[in-house]
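Chain and residue survey
Spelled out from the first residue to the last, the chains are:
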Amino acid sequence: MPNSNVQVTTGSPPRIDTSAAHEARVFDYWLGGKDNYPADRALGDAIATHIPAIRGMARANRAFLGRAIRHLVDAAGVDQFLDIGTGMPSAGNTHEIAQRVDPSARVVYVDNDPVVLAHARALMASHPRGETAFIQADLNDPRSILGNATLTSTLDLDRPIAIMLVAIMMYFRDGDDPHGIIRTLLNAVPSGSYLVITHPTADFDERVMARVVATIEQAGIVFRPRTRAETESLFAGTDIVEPGVVPVTAWRPDSCDRVDPDPAWFWAGVGRKP
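Computed from a predicted model, the values in this text were never measured in an experiment.

Turning next to the overall build of the protein chain. Scanning the protein chain for helices and strands turns up 11 helices and 9 strands. Looking at the protein chain residue by residue over its 274 residues, the buried ones come to 54%. Sequence separation of 24 or more characterises 75% of the internal contacts of the protein chain that already satisfy a separation of 6 or more. Here the protein chain displays about 11,600 Å² of accessible surface, and carbon together with sulfur accounts for 50% of that area.

Structure representation (structure tokens):
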């Protein structure tokens, strides 16, 4: 049962529409979760007809999240995380990984899906020495996140914060100014903060990814894969740490990991704000 060190901030009462697929719930389906609906499963299966290995790719993306967090806490001393587009609760959430290393770590989750909100209390079982919070907000308006009282009461904006944008920026077209969104977030945090991004790409198979894009957009979801160079450009204003922007499975793999980068069509990287 979640302890008292949790906060949930909502806007208007959530209206849950399960008739249309939502990206967070599609990922939940691929990861073997139960918080998804027929529309989500239908889209997930349709994408899998083009990329049969998509479930493994989703798991590889999730595994990177764990490695990146452990690196940031262990090697960089980061104990504050802003996780935007967190998705459905599942094993190995950001606060669980961070607080396993540093029980005093603080995490603010942000998502715009009311189904995620409905499960927020299950997600936020914080360690008593740490704190977690959840904000219902949209990354299209980053200032609404940064100005939220829950964020400022949970995280100290004068100390380094890791901004987690894991599998989220592909839902923004170039015209949505993704660079400006990220710049707004980075401008709000001090030197020594970090930016973590994973991003799907067509670099490994352009024709298959084009079919995936068409399938996703037919479901009413914006989807913009980006090249390695385009993904690197999202880190503007940071120094990208070694090994750079690489296939998600190749970013600091654990000694027991089998590195097989090509099937996981995500670029991954971590940048430090100087």
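Turning our eyes to something else, we now look at the environment of lysine 273. Mapped onto the elements, lysine 273 comes out in the segment after β9 (266-272). Along the chain, lysine 273 and phenylalanine 235 lie 38 residues apart, while their C-alpha atoms are 9.3 Å from each other. Excluding its chain neighbours within four sequence positions, the residues that come into contact with lysine 273 are Leu186, Asn187, Val189, Pro190, Ser191, Gly192, Ser193, Gly237 and Thr238. A polar contact is formed between the side chain of lysine 273 and the backbone oxygen of valine 189, at a distance of 2.5 Å.

In total, this model carries 10 salt bridges according to the counting rule given. Of the charged contacts, one joins aspartate 79 and arginine 159 as a salt bridge, the two residues approaching to 3.1 Å between their closest N and O atoms. Taken together, the residues span a long stretch of sequence, with aspartate 79 in the loop between α3 (54-74) and β2 (80-84) and arginine 159 in the loop between α8 (149-154) and β5 (162-166) at a distance of 80 residues. The class for aspartate 79 is buried, based on a relative accessible area of 17%. Bridged by salt links that share partners, the residues Asp174, Arg224, Arg226 and Glu230 form one connected network.

Moving on to the nonpolar core. Counting 87 residues, the largest nonpolar core has Phe81, Leu82, Leu139, Leu165 and Val270 as the members making the most contacts within it. Among all residues touching leucine 139, those that are not within four sequence positions of it are Ile84, Ile145, Leu165, Ile168, Met169, Phe172, Ile181 and Leu185.

This part covers the side chain of glutamine 99. Of note, glutamine 99 is situated in helix α4 (residues 94-101). Within the structure, glutamine 99 has its side chain in polar contact with the backbone nitrogen of histidine 127 (distance 2.7 Å). Filtering out sequence-adjacent residues up to four positions away, glutamine 99 remains in contact with Ala105, Ser126, His127, Gly130, Glu131 and Thr132.

Looking now at the packing of aromatic side chains. Evaluation of the coordinates by the stated rule reveals 4 aromatic pairs. With a centroid separation of 5.4 Å and 85 degrees between ring planes, the pair formed by phenylalanine 64 and tryptophan 251 is classed as edge-to-face. On the criterion of sequence distance, the pair formed by phenylalanine 64 in helix α3 and tryptophan 251 in the loop between β8 (246-247) and β9 is long-range, its members being 187 residues apart. Each of the two residues, phenylalanine 64 as well as tryptophan 251, counts as buried. The ring centre of tryptophan 251 lies 5.2 Å from the NZ or CZ of arginine 252, which sits over that ring.

An ideal rise of 1.5 Å per residue puts 18 Å on 13 residues; helix α10 (residues 206-218) measures up with 18 Å between its terminal C-alpha atoms. Buried within α10 are the following residues: Val208, Met209, Val212, Val213, Thr215 and Ile216. Taken down its axis, α10 places every buried residue within 165 degrees of arc, on the same side. What points out from α10, more than 90 degrees from its buried face, is the exposed set Glu206, Arg207 and Gln218. The inward-facing, buried residues of α10 abut α2 (38-50). Of the residues flanking the start of α10, the one acting as N-cap is aspartate 205, its side-chain oxygen 3.3 Å from the backbone nitrogen of arginine 207. Downstream of α10 by one or two residues, glycine 220 has phi in the positive range, about 85 degrees.

Along the chain, isoleucine 54 turns up in helix α3. Spatially, the C-alpha atoms of isoleucine 54 and phenylalanine 27 are 9.7 Å apart, while their sequence positions differ by 27 residues. Isoleucine 54 has contacts with Trp30, Ile47 and Ala48, leaving out every residue within four places of it along the chain.

Attention shifts here to the environment of alanine 167. Relative to the helices and strands, alanine 167 resides in the loop between β5 and α9 (178-187). Through-space distance from the C-alpha of alanine 167 to that of isoleucine 197 is 7.1 Å; in sequence the pair is 30 residues apart. In this view, alanine 167 contacts Phe27, Asn61, Thr198 and Phe266; residues no more than four positions away in its chain are not counted.

Calculation notes
- Note that residues are indexed from 1 along each chain, following the sequence as it is written.
- Only residues with pLDDT of at least 70 get local features here, since the model is predicted, and only at 80 or more are side-chain atom pairs given and counted; chain-wide, interface and lining totals rely on the full set of residues.
- Side-chain metrics rest on all non-hydrogen atoms present in the structure, leaving aside hydrogens and water.
- By definition, any uninterrupted DSSP run of H or I lasting at least four residues is a helix, any uninterrupted run of E lasting at least two residues is a strand, and each is numbered from the N terminus.
- Throughout, exposure labels follow a simple rule: accessible area from a 1.4 Å probe, protein chains only, divided by the maximum for the residue type, with under 20% read as buried, over 50% as exposed, and the rest as partly exposed.
- The contact definition used throughout considers only heavy atoms, calling two residues in contact when any of these lie within 4.5 Å.
- Method for areas: the Shrake-Rupley scheme with a 1.4 Å probe, in which residue coverage is limited to the protein chains shown.
- We call two N or O atoms a polar contact when they sit within 3.5 Å, provided that within protein one can donate a hydrogen and the other can accept it, with sequence-adjacent residues counted only if both atoms are side-chain atoms.
- The term salt bridge refers to a side-chain nitrogen of Lys or Arg lying within 4 Å of a carboxyl oxygen of Asp or Glu.
- Definition used in this section: a nonpolar core is a set of buried Ala, Val, Leu, Ile, Met, Phe, Trp, Tyr and Cys residues joined via side-chain atoms within 4.5 Å.
- Two aromatic rings from Phe, Tyr or Trp, using only the six-membered ring of Trp, form a pair when their centres are within 6.5 Å; if the ring planes differ by under 30 degrees the pair is stacked, by over 60 it is edge-to-face, and anything between is tilted.
- Here, a charge over a ring is recorded when the distance from Lys NZ or Arg CZ to the ring centre is within 6 Å and its angle to the ring normal is within 35 degrees.
- Expected helix span is computed as 1.5 Å times (number of residues minus one).
- Comment: arc refers to directions from the helix axis out to C-beta atoms.

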